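Structural overview for review
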Amino acid sequence: MDALDQVVKLKMKRAKRFLEKREPKLNENNKNAMLIKGGNANATVMQILKDVCALKKPYGILYKKKNITRSFEDQTSLEFFSKKSDCSLLIFGSYKKQRLNNLVIGRMCDYHVLDLIELGIENFVSLKDIKNSKCSEGTKPMLIFASGDSDVTEDPRRLKSLLIDFFRGPTVSNICLAGLEYVLHFTALNGKIYFQNYKLLPLLDLVLRRTHLALDDLYKLSMKMPKAFKRHSCKFLDISPMVGVYIPSP
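Conventions and cut-offs
- Residues numbered from 1 in each chain as written.
- Predicted model: local features only at pLDDT ≥ 70, side-chain atom pairs only at ≥ 80, totals over all residues.
- Heavy atoms only, no water.
- Helix = DSSP H or I, 4+ residues; strand = E, 2+ residues; numbered from the N terminus.
- pLDDT = per-residue confidence, 0-100.
- Contact = heavy atoms within 4.5 Å.
- Buried < 20%, exposed > 50% of the residue type's maximum accessible area, 1.4 Å probe, protein only.
- Arc of directions from axis to C-beta.
- Phe/Tyr/Trp six-rings, centres within 6.5 Å; stacked < 30°, edge-to-face > 60°.
- Core = buried A, V, L, I, M, F, W, Y, C linked by side-chain atoms within 4.5 Å.
- Salt bridge = Lys/Arg side-chain N within 4 Å of Asp/Glu carboxyl O.

This brings us to unusual backbone geometry. Each neighbour pair has its own omega, and for K57 with P58 the value is 0°, a cis peptide bond. Its place among the elements puts P58 in the loop between α2 (43–56) and β2 (60–67). Despite not being glycine, D86 has its phi angle at roughly 55°, a positive value. Along the polypeptide, D86 turns up in the loop between α3 (76–85) and β3 (89–94). The residue Y111 is not glycine, and still its phi comes out positive at about 65°.

Quick look at the confidence of the model for the protein now. Counting all residues, the mean pLDDT for the protein is 77, and 75% of those residues have values of 70 or more. β3 holds the highest mean pLDDT among the elements of the protein, 93, whereas strand β10 (residues 235–240) holds the lowest, 42. Counting contacts from residues 1–10, a segment whose pLDDT is below 50, to residues more than four positions away or on other chains yields 0 contacts.

With that out of the way, let us pick up α3. All buried positions along α3 are accounted for by L78, F81, S82 and S85. Along α3, the residues classed as buried sweep out an arc of 105° about the axis, all on the same side. In α3, the exposed positions angled more than 90 degrees off the buried face are occupied by T76, F80, K83 and K84. One or two residues past the end of α3 sits D86, with phi positive at roughly 55°.

Counted under the stated rule, the structure contains 7 aromatic pairs. Judged by centre distance (6.0 Å) and plane angle (50°), the ring pair of F167 and F195 falls under tilted. Residue F167 is found in helix α4 (residues 154–167), and its partner F195 is found in strand β8 (residues 192–197); the two are separated by 28 residues along the sequence. With a relative accessible area of 11%, F167 lands in the buried category. The interplanar angle of 20° and the centroid separation of 4.9 Å between the aromatic rings of F186 and F195 together place this pair among those described as stacked. In terms of burial, F186 and F195 fall into one category: buried.

Nonpolar side chains in soluble globular proteins tend to end up buried together. Of all hydrophobic cores here, the largest spans 33 residues; its most connected members are I91, I105, I121, F166 and F186. Look past the residues within four positions of I91 in its chain and what remains in contact with it is M34, L35, I36, L49, V52, L103, V104, I105 and F166. Counting residues in each nonpolar core, the second largest holds 13 residues, with I36, F72, F81 and C87 among its members.

What follows concerns the pattern of salt bridges. Tallied over the entire structure, the rule returns 10 salt bridges. Measuring nitrogen to oxygen at the nearest pair gives 3.0 Å for the salt bridge that ties D115 to R107. Given the relative accessible area of 4%, R107 is considered buried. Measuring nitrogen to oxygen at the nearest pair gives 3.3 Å for the salt bridge that ties D165 to R107. Taken together, the positions of D165 in helix α4 and R107 in strand β4 (residues 102–109) put the pair 58 residues apart, joining distant regions of the chain. An identical accessibility class is assigned to D165 and R107; each is buried. When salt bridges that share partners are traced, they join K31, R107, D115, E154, R157, R158 and D165 into one network.

Encoded structure:
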C-alpha cells in the first residue's frame, strides 16, 4: 500500500509541474512555433517548413504527417495542436489549384487564434542550395523592414508585428553585436513581400493573399502587460508601420 501511494504521489507531482509550466507568468517562456504540413503540400512547401524549423531550433516543432485543415474556415485543429504542443506561433503549408505553394503564418493568444496571414510563394532558394548554410541554435538575427508609401496599411503593420514575434528568438540578458551572424530583410512593395538575407538564410518572394486579423479590442488585450513587468530593453528604430530596424540588445 505504501508503494502504491508513492507511485500516485509521483504522478501527481509530474502533473503539477506540467501545469505549472503552462500557467501565465510574469516573464513568459520562449515562444515555440509549430510547422504543419497540409494535406497536399508539395516538395517546395515542405522544404520551406524544414528550413524555418532549422532556424527556429530548439523552439520549432515540425509536424511531418499530413493534416487536412482549412485554417481560415475552421481553426479548431490549429488550436488543438497549439495546446497539445504548447506553441503560440505557427506556419501551415499547403498546395492547392486555387492557391499554389501556400503558407499561412499565425499566432495564438491563450491557445486561440489571434492573427492569420496567408502568403503565396513565388520564388524560393533553400538553405541546402547555399554553401556553409549552418546556423547556431538560438542565434538572434537583426530584423530590417522596408516598404513603399502605398504599402502602409493595416495588413503590412500586423504582418511586421507577426514576423518580429516569429523571428526575434529567445530573450537574453545580453548579446554581442560583434558576433551577429545574419540579418533578415523584409520589403513590402506592390502587394508582395521580399524576404532576403545577408548571409545564409533562405530567399523568399511572397505575395499577400488572405488575412484573418484580431479585432482591435482583442489585439490590445493580448498586448496588455502586468504593471510589475519590466520590459527587456531592445533597440527598435520604427520609421513607419512597415519600415524599421529591430536589433536585439541587452
